[in-house]
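Chain by chain, the residues run as shown.
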Amino acid sequence: MFQLNNLKKASIEELETLYNSSTDVPSPTGSFKGVFLHRLDKPGNRRPLYLGSKAFEFVPFGIDFDQCKWYFFHPKFQIAKFRTQLDISRWRDSAIVKLHYDVSHLPSVIKGVLYDEIKPLSSNLCLGLGGFNQETGSGDQFFFALTRT
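A short tour of the structure in this document, coming up.

Quick notes on the rules
Residues numbered from 1 in each chain as written. Predicted model: local features only at pLDDT ≥ 70, side-chain atom pairs only at ≥ 80, totals over all residues. Heavy atoms only, no water. Core = buried A, V, L, I, M, F, W, Y, C linked by side-chain atoms within 4.5 Å. Buried < 20%, exposed > 50% of the residue type's maximum accessible area, 1.4 Å probe, protein only. Helix = DSSP H or I, 4+ residues; strand = E, 2+ residues; numbered from the N terminus. Contact = heavy atoms within 4.5 Å. Arc of directions from axis to C-beta. Phe/Tyr/Trp six-rings, centres within 6.5 Å; stacked < 30°, edge-to-face > 60°. Lys NZ or Arg CZ within 6 Å of the ring centre and 35° of its normal. Polar contact = N/O pair within 3.5 Å; in protein donor to acceptor, adjacent residues only side chain to side chain. Pairing = 2+ DSSP bridges. Axes fitted to C-alpha atoms, helices over the stretch in contact; angles between N-to-C directions.

## Thoughts on the nonpolar core
Of all hydrophobic cores here, the largest spans 18 residues; its most connected members are Leu7, Leu15, Leu37, Leu127 and Phe143. Elements that contribute at least two residues to this core include exactly α2 (12–19), β1 (31–39), β8 (125–132) and β9 (140–148). In terms of residues, this core owes the most to one element, α2, which gives four residues. Excluding anything up to four places from it in sequence, Leu15 contacts Leu7, Ala10, Leu37, His38, Leu127 and Phe143. If you look at the next biggest cluster of nonpolar residues, it comprises 17 residues, including Phe32, Ile63, Tyr101 and Phe142.

## A word on α2
Burial in α2 covers these residues: Ile12, Leu15, Glu16, Leu18 and Tyr19. Projected onto a plane normal to the axis of α2, the buried residues spread over an arc of 165° and lie on a single side. Summarising the geometry of α2, the exposed residues directed more than 90 degrees from the buried face are Glu13 and Thr17.

## Topic: the packing of aromatic side chains
As enumerated under the stated definition, the model contains 14 aromatic pairs in all. Both rings, one in Tyr19 and one in Phe143, keep their centres 6.0 Å apart while their planes meet at 70°; by these two values the pair is edge-to-face. Placement of the pair is Tyr19 in helix α2 and Phe143 in strand β9, with a sequence separation of 124 residues. Comparing Tyr19 with Phe143 shows no difference in burial state: the two are buried. When the centroid spacing of 5.8 Å and the interplanar angle of 45° are considered together, the rings of Phe142 and Phe144 count as tilted. Members of the aromatic cluster, each reached through a chain of ring pairs, are Phe36, Phe56, Phe61, Trp70, Phe72, Phe142 and Phe144. The ring of Tyr115 carries Arg90 above its face, with NZ or CZ at 3.9 Å from the centroid.

## A look at the side chain of Glu117
You can see Glu117 is positioned in strand β7 (residues 114–120). A polar atom in the side chain of Glu117 sits 2.8 Å from the side chain of Tyr19. A distance of 2.8 Å separates a polar side-chain atom of Glu117 from the backbone nitrogen of Arg90. When neighbours within four sequence positions are excluded, Glu117 is seen to be in contact with Tyr19, Ser89, Arg90, Trp91, Ile96, Val97, Leu127, Gly128, Leu129 and Phe144.

## Focus: the sheet that holds β9
One open sheet holds the nine strands; their spatial order is β4-β3-β2-β1-β9-β8-β7-β6-β5, and the pairing between them is antiparallel. One side of each edge strand has no neighbouring strand; the edge strands of this open sheet are β4 (78–81) and β5 (83–88). Pairwise comparison of adjacent strand axes, ignoring direction, gives a mean angle of 30° for this sheet. For strand β6 (residues 95–100) and β7, the ladder comprises four bridges, and the chain directions are antiparallel. Bridging across to β7, Val97 finds its partner in Ile118. Helix-sheet contacts for α2 involve β1, β6, β7, β8 and β9, and the interaxial angle to β8 is about 105°.

## Structural notes on the pairing of β6
Of all six residues in β6, five are buried; the element is thus mostly enclosed. As defined by bridge partners, β5 adjoins β6 across six bridges and the pair is classed as antiparallel. Residue Leu86 lies in a different strand from β6, and its bridge partner there is Val97. Connecting the antiparallel pair β5 and β6 is a turn made up of six residues.

Here it is, written out as structure tokens:
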């Protein structure tokens, strides 16, 4: 069984392998706390919109899948409504849960840029790829974990 501590210690290559693995876990429900794991770019070789995703390294965040909203700092500060879609990853060769923000009340310019993917590992733990509505190498910005609260 996967545990958060294993994800925190994993290299990018190990996270990639896990993200591409087959799992039979249903779409997540309930509230999860987010944990930043690894950036996918390197100093001197930053991806487009790098600064837009940098805050996840420092600001507490989470997802409420029942309300279909992200939150920052505390669950009562929910923003960024999304809809889920079980599908094949845009960024990897894996079955995942896509988070689309077209239903959000955020300004159109912001919600059109947002896109994330979630790989459920168990009913209490998910591996995510955070990023933007772009292709592999630009859109995929960082790995994060989600643990049930």
